[in-house]
Amino acid sequence: MTTSRIALVTGANQGLGRAFCEGLAARMDPQDLVLLTGRSQQRVADAAREVTQLSATRARVEGRVLDVTDTDAIARLAEDLRARYAGVDVVISNAVARLLPKESQAERADEFIDVSNTATHAILRSFGPVLRPGGRLLVVASSLGTLGHLDARLHHLFDGASLDQVEYTVESWRSAIHHKTTAEAGWPLWLNVPSKVAQVAAVRAIAAERRARDLADDTLVAAVCPGMVDTATSRPWFSDYSQAQPPARAAEPVLDLVFAEHVDPALYGELVRFGKVVPWHDGTPPVEQDGMLVP
């Protein structure tokens, strides 16, 4: 069977990533291939089998083991897809490290940054060059990923930065965490805030380099915010969960971007939530109440 389109989702064993795979498999054609990835071989195999057995599934679904903290593994997978299929059509970067409010942010910083940021940089660098014309490269971030959520002293580090500069800033932030100098530099306690801003800044950096070429062939590079999602990762962080969506519903607006007939230039390189741009300079630093984030 000749494979037509190739889609790849990271962090896809469960929750939102799993919902992306299910939605892709339902909307793509039988000759298409959805690659469901995660760190555990058994969980990846189980998830791929379960998605394949869903009545709505049309495309083929295969599991691939991928540890996104291994940047060499990301590069090898991108080259493998280039060699086998001449590239990839859809990449949804969704991996996230679970962190609980009562855990030490500093002690978990390396894992969190490696999964959320170092991996994002590697995916952008490795999969950008193998993205086929008309493709979609989406990084799942959050509405926290706008400059206004950071202290004004930090804005210049991300605004208009190149990917190399974003990467340098992330590593400087990591170093400040280890040396306990974050407060004096203006970094917030919560890892999720600068991490999400850095993810969006990285997408903006790559998009700025590719914009003219991508828009000419209807390719989309963007960050996406699915809104509040009812998952084990996010639930502990919010005191009011009344507006949370199940993963399948949260995945729909993101999948609509994937399957849109044409790319809206206004969305290119931006943080997109429910089909609308979340302005880069918007936001205010979030508040904590009883150890929880108050939206």
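The shown structure was predicted, so the numbers you read here are calculated from the model rather than taken from an experiment. (Residues numbered from 1 in each chain as written. Predicted model: local features only at pLDDT ≥ 70, side-chain atom pairs only at ≥ 80, totals over all residues. Heavy atoms only, no water.)

Participant: Honestly, the environment of Arg273 in this entry has me stumped. Any pointers?
Facilitator: Here Arg273 lies in strand 7 (residues 271-273). A relative accessible area of 31% means that Arg273 is categorised as partly exposed. On a C-alpha basis, the gap between Arg273 and Pro253 in space is 7.9 Å, while along the polypeptide they are 20 residues apart. Ignoring anything within four residues of it in the chain, the contact list for Arg273 reads Ser143, Cys225, Gly227 and Val278. (Helix = DSSP H or I, 4+ residues; strand = E, 2+ residues; numbered from the N terminus. Buried < 20%, exposed > 50% of the residue type's maximum accessible area, 1.4 Å probe, protein only. Contact = heavy atoms within 4.5 Å.)

Participant: Whenever I open this one, the sheet that holds strand 4 (residues 88-93) confuses me. Can you help?
Facilitator: In sheet architecture, strand pairing relies on hydrogen bonds along the backbone and comes in two forms, parallel and antiparallel. The strand order across the open sheet formed by 8 strands is 3-2-1-4-5-6-7-8, and the pairing between neighbours is mixed. The open sheet has two edge strands with one neighbour each: strand 3 (60-65) and strand 8 (276-278). Direction aside, neighbouring strands of the sheet carry axes that sit 30 degrees apart on average. The pairing of strand 1 (residues 6-9) with strand 4 spans 3 bridges and is parallel. Across the sheet, Leu8 pairs through a bridge with Val91, a residue of strand 4. Running at roughly 175 degrees to strand 3, helix 2 (residues 41-52) makes contact with strand 2 (33-38) and strand 3 of the sheet. (Pairing = 2+ DSSP bridges. Axes fitted to C-alpha atoms, helices over the stretch in contact; angles between N-to-C directions.)

Participant: Looking at this structure, how should I read the packing of helix 4 (residues 105-127) against helix 8 (residues 192-216)?
Facilitator: Two numbers describe a pair of packed helices, the interaxial angle and the distance between the axes. In contact at an axis separation of 10 Å, helix 4 and helix 8 are set at 0 degrees when each is read in the N-to-C sense. Viewed along their axes, helix 4 and helix 8 adopt a mutual orientation that is roughly parallel. When helix 4 is examined against helix 8, the residues Phe112, Ser116, Asn117, Thr120, His121 and Leu124 are found in contact with a partner set consisting of Asn192, Ser195, Ala198, Gln199, Ala202, Val203 and Ile206. Here the residues of the contact of helix 4 with helix 8 sort into 6 nonpolar, 7 polar and no charged. (Parallel < 35°, antiparallel > 145°, perpendicular 65-115°, else oblique. Nonpolar A, V, L, I, M, F, W, Y, C, P; charged D, E, K, R; others polar.)

Participant: Would you mind showing me how to read the state of the cysteines here?
Facilitator: Among covalent bonds in proteins, the disulfide is the one between the sulfur atoms of two cysteines. The full count for this structure, using the stated rule, is 0 disulfides. Lacking any disulfide linkage, Cys21 is separated from the closest cysteine sulfur, that of Cys225, by 19 Å. Given a relative accessible area of 5%, Cys225 falls into the buried group. (Disulfide = S-S within 2.5 Å.)

Participant: Help me out: how do you make sense of the packing of helix 1 (residues 15-27) against helix 9 (residues 247-259) in this one?
Facilitator: In contact at an axis separation of 9 Å, helix 1 and helix 9 are set at 50 degrees when each is read in the N-to-C sense. When the interaxial angle is binned, helix 1 and helix 9 end up oblique. For the pair helix 1 and helix 9, the sense of crossing is right-handed. Side by side, helix 1 and helix 9 meet where Gly15, Leu16, Ala19, Phe20, Gly23, Leu24 and Arg27 of the first sit next to Pro247, Ala248, Ala250, Ala251, Glu252, Val254, Leu255, Asp256, Val258 and Phe259 of the second. (Left-handed = near helix turned anticlockwise from the far one by under 90°.)

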